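Analysis of the macromolecular model
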Amino acid sequence: MKAWMVEFFWSYTEFLVFIHVLSAVVWVGGMIAMRFAAHYSFQELEPAQRLPRTAQALGNLFKIVAPFIVILIVTAVLMAVGWGFRAAAVDADGNVIDAAAFTVYQFVHLKEAIWLVMALNYGYMVWRLVKAKKSIALGDMPAAKVMLGMIGKYLVPLNILLGVTAIYLGVVLRYSHA
Ligand code: HEM
């Protein structure tokens, strides 16, 4: 399995890095556009229009980013195995063989943790959106507002922050190997 992954990675290196970066652009960029461009535009509408519009736009964004979340983790695993961050850091028994390479290897773990939190947060936002859409269909705007409000106020900004951190760590990893 590992040998196959390494071979696959080296056959398509440029393409894999390209779709990893593209996925980050779509996911993080999409959230930034939604939070800092669309959100303020929706704020100008009356609640009866604002909430359905916001729910619709969020639903569209979530559908667009879903495949890129999967592509991000698949390409990430291929890059992590392909470049051999673990092999450079520890031996077969798990003993550290190079302190600097071990630090870099920890950044790979950190990015994996960030991806996991972002993906869980995404799932939670989808769940809240589904609830909000149900409330809108029943005409219960206050309940829909509660469900959507937290997405805009905390959950999307949290994922933007985590995403930007992951992009920075990507640059660190990029310059940690030849
Ligand atoms: C799942 C865990 C992840 C791992 C193991 C991982 C791993 C990597 C690695 C090894 C690189 C270096 C590529 C190279 O050397 O050319 C990289 C680059 C990059 N990563 Fe990730 N990544 C992960 C998640 C993410 C996430 C969640 C984002 C953003 C949402 C992201 C955005 C980027 C970007 C923009 C680059 C390009 C940096 C550059 O070329 O200077 N990554 N990533």
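Anyway, here's the lowdown on the structure attached to this text. Values in this document were obtained by computation on a predicted structure and should not be read as measured data. Every chain's residues receive numbers from 1 upward, in the order its sequence appears when written. Local features are withheld for residues below a pLDDT of 70 in this predicted model, meaning they are given only at 70 or higher, and side-chain atom pairs are given and counted only at 80 or more; totals for whole chains, interfaces and linings count all residues.

This part is about the overall build of the protein chain. Numbering of helices and strands runs from the N terminus; a helix is a DSSP stretch of H or I covering at least four residues, while a strand is a stretch of E covering at least two. When you go through the protein chain residue by residue, the secondary structure sums to six helices and zero strands. Of the regular secondary structure in the protein chain, the N- to C-terminal order runs α-α-α-α-α-α.

So, about the site of the ligand. Nearness here is judged by the C-beta atom: place it from the backbone, and if it falls within 6 Å of a molecule or strand, the residue counts as near that partner. Surveying the vicinity of the ligand reveals 24 residues, the closest of which are Ala-24, Ala-76, Trp-115, Ala-166 and Gly-170. The set of elements that each furnish at least two residues to the shell around the ligand consists of α2 (13–42), α3 (47–82), α5 (99–137) and α6 (141–174). A per-element tally of the shell around the ligand places α6 first, with seven residues. Only Asp, Glu, Lys and Arg are considered charged, only Ala, Val, Leu, Ile, Met, Phe, Trp, Tyr, Cys and Pro nonpolar, and every remaining residue, Gly among them, polar. Looking at the shell around the ligand residue by residue, the class counts come to 18 nonpolar, three polar and three charged.

This paragraph deals with the packing of α5 against α6. Between N-to-C directions, angles cover 0 to 180 degrees, with each direction set by a line fitted to C-alpha atoms, over the stretch in contact for helices. Look at α5 against α6: their axes get within 9 Å of each other, and the N-to-C directions meet at 160°. Regarding the angle of α5 to α6, the classification is roughly antiparallel. In the crossing of α5 with α6, the sense of the turn from one axis to the other is left-handed. Per-class residue counts for the contact of α5 with α6 are 27 nonpolar, five polar and three charged. An angle counts as roughly parallel when it lies under 35 degrees, as roughly antiparallel when it exceeds 145, as roughly perpendicular when it falls between 65 and 115, and as oblique in every other case. In a left-handed crossing the near helix is turned counterclockwise from the far helix by less than a right angle, and in a right-handed crossing that turn is clockwise.

Next up on the list: the environment of His-20. Within the secondary structure, His-20 is located in helix α2. Exposure classification rests on a simple neighbour count of other C-beta atoms within 10 Å of a residue's own: a residue reaching 20 or more is buried, one at 12 or fewer is exposed, and one in between is partly exposed. C-beta atoms are placed from the backbone. C-beta crowding within 10 Å serves as the criterion here: with 20 such atoms nearby, His-20 is assigned to the buried category. Separated by 141 residues in the primary sequence, His-20 and Leu-161 place their C-alpha atoms 18 Å from one another. Contact between residues is assigned whenever the C-beta positions, reconstructed from backbone atoms, fall within 7 Å. The contacts of His-20, once residues within four sequence positions are left out, are Leu-72, Thr-75, Ala-76 and Met-79.

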